[in-house]
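Next come the chains, spelled out residue by residue.
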Amino acid sequence: MDKPEDASIIGKVSSTERDPSSSSSFSFWVKGGILINPFDYVSVENYGGSRTIGVVKEILAPTDAQSHLSNYISSNFGDIGAEGNTRRVTTVIAKADVAANTGVDSPHTRRGKRSVSYPVLNDSLVRFASNEEVNFALGMDVLAPDNRLPAGVILRSSGDPLPLYLDRRYVLGPEGAHVNVSGTSGLAAKTSYLMVLLRIVMERFGEETAAILFNVKQQDLLYIDEDPLPDYLDDYDRNLYRVLGIDNPGPFKNVRYYFPYGERNISSVYENPSGKLAFYYAYALKDVYDELDLLFSEIDDPHFTLASIASYVAENYSSGKMKFKKDTPEEDPLFSKDTIVTTWKHLKWFDDFPAEAVGSGNVRNVLGRFKRHLSWLTRPKIFVEERSPLALGCDAYYLGDVIRSSLRPGDVVVVDIQPFEDKMDTQGFIIGDILRRLKEAYRENRDRMPRHTVILIDELNRYVPSGTQLTALGREIVDLARVGRAEGITLFTAQQFRADIHHQVYENCATSLIGITGSTVSVSIFFAPFLVIEDAPFLVKLMGQKWS
């Protein structure tokens, strides 16, 4: 008498001469009537009673037909209504990558179990992985509740949705840091996912975390403190949030917006500006005299003449040593002899650099090139001679001072750089200035800074592209990628193609995500092993229709 069939079994391992099981992958045929999808988790018994857990990566439906032409001929040479002369033998084959093994008892490991890297054998029974096995495969079974960072929902063909947790120590530091997302523009929901993840970070760990966001595209991030429209979140959305342990999803709190002086009017963005913490920012020379290398970051400088002058200004500006040696210009002086260089206008007219800064060659050409680039790069209205209400007619803050003096745990600072979408040099300078001042603040006075600061940068490939020599801005970003986890600074970054950014950035990211598109939009999280969070449109429903 045949044994009653176990309903939990979904198939058997199939190991063939051409496609054998290995320590890293296996195939299995699927029992009729079973629905299975890519990224489902399955479990197979292995050596010593251990279980090997795999992730389905591909599903095939082979037949005994030797070619597609055979099937065409068997249907009376392409007659759609004809019955085939031969009934083909067919089944469904699933290919899976090994994610983990539950192990066998061993006194020589910390967990008392030693993983078995042994191929699963032919005809081994395959089941859907249990909740405990999925958690084990992802390392979530040993994750302390205090370190759990809800990061998504695992949707499966069999079983209820499971919450996906990342280890905050590998997102915010100090064990690891940084999150990078790649994917098709618009469809992959890159920024949307990062914003949801950041919102959860601020909710769970806001007592020790601050965030700085750069609004790069349109007005995407200028409404993140507003509630969604009524009924924008439906029951499906709320159920997924509940899986993550979030009962009341809502907007960001403690948000301050900074807009570029002279480039975007706050009253043109908000109907009621008085209800927002919205301010202007600007740059006087006294604010950034030591950061001219960032200003010239996008300028080709093969002989390092611009770098030499920038270095001289950084070293001598604050001491007052940069003085005009004569009335300038001589025929109709704007500045008298001994005038100290303090403003952008002074610097554009200043000729009295020593040979150590401009060299001993064609000094006139060197100075001319420096002044031309300086005039061009400081043409945006945010570069002001004096950053005072009397001079500008309103308050305008230096972002470096904001970061160093008023960034506190729970704060979310949004810096609008979208008006400079066609001015890469200006966007890069603003980002570089904040990154550098933030690092200085952490290194000089760590106790006064939040334990963690998250920086969100979209379109990262614009600022640290691959295949080119690193600019001053690129070096700042790469340096943060390398040491940010120890400093307490985490990068949340996104771009369309991972290969378009410098390898030192993504190789130092503890978590990398790939947004993919198909019949549905989804976000794949890649961090050994692979899993997928389906239904990315749900992700954009956290703050309302004005943000997506």
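Our subject is the structure listed above.
Being a predicted model, the structure only gives us computed values, none of them experimental.

Calculation rules
- Residues numbered from 1 in each chain as written.
- Predicted model: local features only at pLDDT ≥ 70, side-chain atom pairs only at ≥ 80, totals over all residues.
- Heavy atoms only, no water.
- Helix = DSSP H or I, 4+ residues; strand = E, 2+ residues; numbered from the N terminus.
- Buried < 20%, exposed > 50% of the residue type's maximum accessible area, 1.4 Å probe, protein only.
- Contact = heavy atoms within 4.5 Å.
- Areas by Shrake-Rupley, 256 points an atom, 1.4 Å probe, with all protein chains shown as cover.
- Axes fitted to C-alpha atoms, helices over the stretch in contact; angles between N-to-C directions.
- Left-handed = near helix turned anticlockwise from the far one by under 90°.
- Nonpolar A, V, L, I, M, F, W, Y, C, P; charged D, E, K, R; others polar.
- Pairing = 2+ DSSP bridges.

Draft legend 1. Fine view of the overall build of the protein chain. A tally of regular secondary structure across the protein chain gives 16 helices and 21 strands. Summarising its shape, the C-alpha atoms of the protein chain cover approximately 110 × 60 × 50 Å along the three principal directions. Taken over 548 residues, the protein chain has a buried fraction of 50%. Partitioning the contacts of the protein chain with sequence separation of at least 6, the portion at a separation of at least 24 is 71%. Total accessible area on the protein chain stands at roughly 26,500 Å², and carbon and sulfur atoms take up 48% of it.

Draft legend 2. Summary view of the packing of helix α14 (residues 424–444) against helix α15 (residues 472–487). With their axes 10 Å apart at the nearest point, α14 and α15 run at an angle of 35 degrees to one another. At the point where α14 passes α15, the crossing takes the left-handed sense. Contact residues: α14 offers Gly428, Ile431, Gly432, Leu435, Arg436, Lys439, Tyr442 and Arg443, while α15 offers Leu473, Glu476, Ile477, Asp479, Leu480, Val483 and Glu487. A per-class count over the contact of α14 with α15 returns 7 nonpolar, 2 polar and 6 charged.

Draft legend 3. Structural view of the pairing of strand β2 (residues 25–30). In the sheet, strand β1 (residues 9–13) pairs with β2 via 3 bridges, with the strands oriented antiparallel. Residue pairing in the sheet places glycine 11 in a bridge with valine 30 of β2. Note that β2 and strand β5 (residues 92–101) share 6 bridges and pair antiparallel. The partner of serine 25 across the bridge, within β5, is aspartate 97.

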